[in-house]
Amino acid sequence: QRLLYQYHMIILGVDPGIADTGWGLIKKEAGGKVSHIAHGSIKTPKTEGLSERLVALYSELNKIIDKYQPQAVAVEELFFSKNVKTALTVGQARGVILLALKQKHIPLIEFKPSQVKQAVAAYGQAGKTQVQKMVKLLLNLKDIPQPDDAADALALAIALSAIKNYG
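Residues numbered from 1 in each chain as written. Predicted model: local features only at pLDDT ≥ 70, side-chain atom pairs only at ≥ 80, totals over all residues. Heavy atoms only, no water.

### Some points on the overall build of the protein
Within the protein one finds five helices and five strands. Reading the helices (α) and strands (β) of the protein from amino to carboxyl end gives β-β-β-α-β-α-β-α-α-α. For 167 residues, the compact-globule estimate of 2.2 N^0.38 gives 15 Å, and the protein sits close to it at 15 Å. With respect to the principal axes defined by its C-alpha atoms, the protein has extents near 45 × 35 × 30 Å. Counting only residues that meet the buried cut, the protein has 47% of its 167 residues in that class. Expressed as a percentage of contacts within the protein between residues at least 6 apart in sequence, the contacts between residues at least 24 apart total 62%. Here the protein displays about 8900 Å² of accessible surface, and carbon together with sulfur accounts for 55% of that area. When the 21 positive and 14 negative side-chain charges of the protein are each reduced to one mean point, those points stand 5 Å apart. (Helix = DSSP H or I, 4+ residues; strand = E, 2+ residues; numbered from the N terminus. Rg over C-alpha atoms; globule rule 2.2 N^0.38 Å. Buried < 20%, exposed > 50% of the residue type's maximum accessible area, 1.4 Å probe, protein only. Contact = heavy atoms within 4.5 Å. Areas by Shrake-Rupley, 256 points an atom, 1.4 Å probe, with all protein chains shown as cover. Lys, Arg positive; Asp, Glu negative; His and termini not counted. Charge placed at Lys NZ, Arg CZ, Asp CG, Glu CD.)

Below, the structure written as structure tokens:
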């Protein structure tokens, strides 16, 4: 999968969740340099039912896509969870995210957490704090991005930017 771009490419990273979906945007220059554009999280109200929360997630993600027009997206794969209920709801959130991306015809790559850690911190078993510090360093930010889900989303975008011949 090769994307052609002349000067730069905007990459969106998405860390799925039902209560909190992290997102982060970076710009990859033609020479490979990456820089921060924006980050945040989509929070859905716990007082709402699951279907309403999924609609809110879908709507907010579409607003981000329409505003920033990313050319590629990195999404975290669903990892094994001991809590089956949590895994199922995160899986449903992932489904809504993938649907939104496919409807906008944006190429996406899914990453395992260990692949992101390897790409960002050069160690597949790196801790969360280590990855967050590397995101701050690689994007030349003053502080570690908050909330944690947004930092994870930026790490996903960085992982995608690191794939050779992509972009």
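### Overview of the packing of helix H3 (residues 113-121) against helix H5 (residues 148-161)
One way to put it is that H3 packs onto H5 with a least axis distance of 9 Å and a crossing angle of 75°. Taken together, H3 and H5 sit at an angle that is classed as roughly perpendicular. Taken together, the residues of H5 that come into contact with H3 (itself represented by Val116, Ala119 and Val120) are Ala155, Leu156, Ile158 and Ala159. A breakdown of the residues in the contact of H3 with H5 according to their chemical character gives seven nonpolar, no polar and no charged. (Axes fitted to C-alpha atoms, helices over the stretch in contact; angles between N-to-C directions. Parallel < 35°, antiparallel > 145°, perpendicular 65-115°, else oblique. Nonpolar A, V, L, I, M, F, W, Y, C, P; charged D, E, K, R; others polar.)

### Remarks on the environment of Lys142
Its location among the elements puts Lys142 in the loop between helix H4 (128-138) and H5. Sequence-wise, Lys142 and Lys117 are 25 residues apart; in three dimensions their C-alpha atoms are separated by 21 Å.

### Here's the deal with the sheet that holds strand S5 (residues 108-111)
Ordered in space as S3-S2-S1-S4-S5, the five strands form an open sheet in which the pairing is mixed. The outermost strands of the open sheet, each flanked by one partner alone, are strand S3 (34-43) and S5. Neighbour to neighbour, the strand axes of the sheet diverge by 20° on average, direction disregarded. Along the sheet, helix H2 (residues 84-103) makes contact with strand S1 (8-15), strand S2 (20-29), strand S4 (72-76) and S5, crossing S4 at roughly 170°. (Pairing = 2+ DSSP bridges.)

### Some words on the pairing of S3
Where a strand is regular, its side chains alternate between the two sheet faces. The sheet contact formed by S2 and S3 spans nine bridges and is antiparallel. Note on S3: the bridge partner recorded for Asp20 is Lys43. Joining the antiparallel neighbours S2 and S3 is a turn of four residues, in which Gly32 adopts a positive phi near 105°.

### Details of H3
In an α-helix, one turn spans 3.6 residues, which is why side chains three or four residues apart end up on the same side. If you check which residues of H3 are buried, you get Val116, Val120 and Ala121. Each buried residue of H3 lies within a common arc of 95° when the element is viewed along its axis, so the set occupies one face. Buried residues along H3 sit against S5, H4 and H5. Phi for Ala122, located one or two positions after H3, is positive at around 65°. (Arc of directions from axis to C-beta.)

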